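# Inside the fold
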Amino acid sequence: MRPYILIVDDDEKITSMLRRGLVFDGYEVQTAPNGAEGLRQVIIREPDLVILDVMMPEVDGWEVCRRLREAEISVPVLMLTAKDEVQDRVKGLDTGADDYLVKPFALEELLARVRALLRRRPEQEGGGHRLTFEDLLLDLHTREVKRDGKPVELTAKEFELLHLFMQNPKRVLPRDVIMEKIWGYDYSGESNVLEVYIAMLRQKTEEHGDKRLIQTIRGTGYVLRGD
């Protein structure tokens, strides 16, 4: 079955270009001209991925993403923004987006981001679906994360990154290995995207004054350990 992608954008030229490129690449595509219609389309049929423009009238992309995550809809979201500002990218990630792309962009780069996001969707697993490290718990079935019994709200990409660390406790993971596992071979995004996600993971897992578990190994990468 072909992956189903929903494009939510009020720019008809961009929507038409994206639809043609994605259909040609083998995807099933639906479009929505505004945020409200995009939310309605997700309820009718949950897509495998949402391409979401930020700047839309009334219900903007940030609000759409926030509502999706509040409804516990974990579909990957690729956010399109015309602003190459750190605070805008961080706001998008904070509302639950998994990746972002600044306009104007090359279609080839967008297709690469789409492939990476679809490829890295967590697979269904049988037994052993609960991973623990010290007081941190990750449940693959319910997609819940808890620290010392308190819930930790993560985006789909943050969950995936934490899952990788908890599969490899006390093992130093080089930066390029993490990028390959989470964003894929053909990911060509900004060089600091991993650092942004690590910072957000730390903020959320240390929210109640808990000690740091994701440690930086300078010049190499990161490791999940208790010291």
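Conventions and cut-offs
Residues numbered from 1 in each chain as written. Predicted model: local features only at pLDDT ≥ 70, side-chain atom pairs only at ≥ 80, totals over all residues. Heavy atoms only, no water. Pairing = 2+ DSSP bridges. Helix = DSSP H or I, 4+ residues; strand = E, 2+ residues; numbered from the N terminus. Contact = heavy atoms within 4.5 Å. Axes fitted to C-alpha atoms, helices over the stretch in contact; angles between N-to-C directions.

## So, the sheet that holds strand β12 (residues 221–224)
Taken in spatial order, the 3 strands line up as β10-β12-β11 in an open sheet, and their pairing is antiparallel. A single partner strand is all that each edge strand has here, and the edge strands are β10 (173–174) and β11 (214–217). In the sheet, β11 pairs with β12 via 4 bridges, with the strands oriented antiparallel. Within the sheet, the bridge partner assigned to Gln215 lies in β12 and is Val223. Together, β10, β11 and β12 form the strand contacts of helix α6 (residues 156–167), whose direction differs from that of β12 by roughly 70 degrees. Most of the contacts of helix α8 (residues 193–205) go to β11, to which it runs at about 145 degrees, and overall it touches β11 and β12.

## Observations concerning the environment of Thr81
Assignment of secondary structure puts Thr81 in strand β4 (residues 77–81). On a C-alpha basis, the gap between Thr81 and Leu52 in space is 8.8 Å, while along the polypeptide they are 29 residues apart. Ignoring sequence-local partners within four residues, the contact set of Thr81 consists of Val54, Leu101, Val102 and Lys103.

Spatial relationships are all this shows, so hold off on functional conclusions.
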